[in-house]
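This is what each chain is made of:
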Amino acid sequence: MTKKSVGLLAITLVTLITSLDASIVNVAAPIMAKDLAVSTSMIEWVISIYLMIIAALIMFFGHLGDVIGKVKVFQLGTIIFTIGSLFAGIRLGFEVLLISRGIQAIGAAMTMSNNFGITTEIFSKKNRGLALSILTTFFALGLIIGPSLGGLILSVGSWSYLFWINVPIGGFALLLGAITLPHRAPRQSKEKLDIIGVVIFTLLICLFFYTLMRIQTQGIWTRRFALSLLVILVLTTAFIQREKSVATPLLNLGIFKNADFSMGVVAAMLSFVVGFTCSVMMPYYLINARHLSTSFAGLLLIVIPVTLAVVGPIGGLLADRYGGERVSAIGLFFLIIAQIMIVSFSLATPLWFFVAMSLLYGIGMGLFQAPNNTVIMTAVEKRFLGVAGSVNSFARNLGMELGASLATVTLYGVMSWQAGRRIGDYPVNDDHLFMIGFKAAFMLALVAATIAEIITITRYMKHHLKNNKKWID
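The present account deals with the structure reproduced in this document. Predicted, not measured: the structure shown is a model, and the values here were computed from it. (Residues numbered from 1 in each chain as written. Predicted model: local features only at pLDDT ≥ 70, side-chain atom pairs only at ≥ 80, totals over all residues. Heavy atoms only, no water.)

Quick word on the layout of surface pockets
Rolling a probe over the atoms, with the probe sized like a water molecule, indicates the empty space that remains. Quantified by volume, the second largest pocket comes out at close to 510 Å³. Met-59, Leu-251, Phe-256, Phe-394 and Leu-398 are, among the 20 residues lining the second largest pocket, the residues nearest its centre. Taken together, the elements giving at least two residues each to the lining of the second largest pocket come down to helix H10 (195–218), helix H11 (223–245), helix H12 (259–289) and helix H17 (385–419). Of the residues in the lining of the second largest pocket, the class split is 18 nonpolar, 2 polar and no charged. (1 Å grid on protein atoms, 1.4 Å probe; cavity = no way out; pocket = protein on both sides within 12 Å on 5 of 7 lines; lining within 4 Å. Points joined across faces, edges and corners; volume = space filled by probe spheres on them. Helix = DSSP H or I, 4+ residues; strand = E, 2+ residues; numbered from the N terminus. Nonpolar A, V, L, I, M, F, W, Y, C, P; charged D, E, K, R; others polar.)

Take a look at the structure:
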């Protein structure tokens, strides 16, 4: 293996374990709640605080990477994430676990905001698509395979090992990175970090995520939600005005003038809305509605990540050869077909039909994610790679949280409307009622996938017309 390939392996391993921790804890939540003597609603914070802190700090660390060096921030983040994982597995009470998850999230934000920028820098345009496809594939793989791997670990050990599995992998990746990643001296810069912008953005994201969590239990027709929405709008306006007025903003809003970048980021966010809708809803469908065993359901659910792992690198190679816009549009087409198949599900749908849907789902995600990321990261100037990578990672995390929240809100909202009473859990002995809410949630996912496809085709047509004009001239 070349030095660049080993460096990519180090980045990929860290990307895998940091994305894995966004979903691996979900399956253990009831066990952890009982073991730590806390309520189910309290244990949800162990899951949500990870995504919340990553989303709140990812912009800051992306900017910091541009100022002092992406590799330095990435390596320090790997150390912090590994230490947080070690302490999260030591059973010292709920408060220590929550703090440890926060430490993990800080480290994950440092790595996620710089992994794509480092990869884009060290690989030439000729090989960049394949490199980014591998990175993107393992990020998505970590998210999707988390519940299955978590269930396997719990079948042979305690929930502590959900976190401790990161320690040897993180240590190994840190060693590989120290040897192979380019450690350039920090560039001389007069830029100052926009601390006020960081504070405003952190408050905005934390309130936004908290509001999404409360919607799932309290709905939107409350004074508290209206007040939260008002504060979110005020903070958003204040952040935009702040970033326009300072010389060195946390988020250079000018980057969004690049149409390829902006459209790619929105499409990426929508794809993760679709992906997390599936991640949240499918276990309910297979285990609760279809009454399959946990082990057999896990076997069916693993079809998507396995397909994604195979197709993802192929998507990168195709993007290098035929262009990211075209390949990502084809990927979204497969994803849309998969959503249509899911909407047609019933309580008697043949399992071969479910497997066929999963194959199309995995192919679609594999052909979209890597090529789209290649377009996003190639569209910006080198000096904006850090902020571009952090915006890209932020969009993914936002899509994940939106997908999970919109899926559950739609599911329980539609079931409550249909039943004429408040429903906040799976309707025992009424699988047909669940299927009504299930189909409504995936109709929303279908809309998200369709919008992403329209954006991607528009981007492709823009490039196609531009290239034809050059040829005619």
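Anyway, onward from the coordinates.
Some points on the pattern of salt bridges
Under the criterion given, the structure shown has 3 salt bridges. A salt bridge links Lys-70 to Glu-121, with the nearest nitrogen and oxygen atoms 3.2 Å apart. Placement of the pair is Lys-70 in helix H4 (residues 70–89) and Glu-121 in helix H6 (residues 115–122), with a sequence separation of 51 residues. On the basis of relative accessibility, which here comes to 26%, the residue Glu-121 falls in the partly exposed class. (Salt bridge = Lys/Arg side-chain N within 4 Å of Asp/Glu carboxyl O. Buried < 20%, exposed > 50% of the residue type's maximum accessible area, 1.4 Å probe, protein only.)

A few points about the packing of H12 against helix H16 (residues 351–379)
In contact at an axis separation of 10 Å, H12 and H16 are set at 155° when each is read in the N-to-C sense. Judged by the inter-axis angle, H12 sits roughly antiparallel to H16. Remark: the crossing between H12 and H16 carries left-handed chirality. In terms of residue class, the contact of H12 with H16 is built from 18 nonpolar, 5 polar and 1 charged. (Axes fitted to C-alpha atoms, helices over the stretch in contact; angles between N-to-C directions. Parallel < 35°, antiparallel > 145°, perpendicular 65-115°, else oblique. Left-handed = near helix turned anticlockwise from the far one by under 90°.)

Focus: the nonpolar core
Within the largest apolar cluster, 120 residues are counted, with the highest numbers of intra-cluster contacts made by Met-282, Tyr-285, Tyr-361, Phe-434 and Phe-438. If one sorts the elements of this core by residue count, H12 sits on top with 17 residues. With residues up to four places along the chain from it excluded, the contact list for Phe-438 reads Met-281, Met-282, Tyr-285, Ile-342, Phe-345 and Leu-411. In terms of nonpolar packing, the next biggest core, distinct from the first, is built from 18 residues, Leu-20, Ala-33, Ala-88 and Phe-94 among them. (Core = buried A, V, L, I, M, F, W, Y, C linked by side-chain atoms within 4.5 Å. Contact = heavy atoms within 4.5 Å.)

Side note on the packing of aromatic side chains
Under the defined criterion, the tally for this structure stands at 17 aromatic pairs. Between the aromatic rings of Tyr-161 and Trp-164, the centroid separation amounts to 5.3 Å while the plane-to-plane angle is 90°, which identifies the pairing as edge-to-face. Of this pair, Tyr-161 and Trp-164 both sit in helix H8 (residues 160–164), 3 residues apart, roughly one helical turn. Summarising the aromatic geometry, the rings of Phe-438 and Phe-442 are spaced 4.9 Å apart at their centres and angled 55° between planes, so their arrangement reads as tilted. Within this pair, Phe-438 and its partner Phe-442 are both found in helix H18 (residues 431–472), separated by 4 residues, close to a single helical turn. (Phe/Tyr/Trp six-rings, centres within 6.5 Å; stacked < 30°, edge-to-face > 60°.)

A few points about helix H15 (residues 324–343)
Residue pairs spaced three or four apart in an α-helix point in one direction, given the helix's 3.6 residues per turn. Counted at 1.5 Å a residue, the expected span for H15 with its 20 residues is 28 Å, and the 29 Å between its end C-alpha atoms agrees. With 14 of 20 residues buried, H15 is to be regarded as a mostly interior element. (Expected span 1.5 Å × (residues − 1).)

Let's talk about unusual backbone geometry
Positive phi outside glycine occurs at Ala-37, with the angle close to 60°. Looking at where Ala-37 falls in the secondary structure, it is placed in the loop between helix H2 (29–36) and helix H3 (40–68). The backbone phi angle of His-291 is positive, close to 60°, even though this residue is not glycine. By the secondary structure assignment, His-291 is in the loop between H12 and helix H13 (294–301). The class for His-291 is exposed, based on a relative accessible area of 58%.

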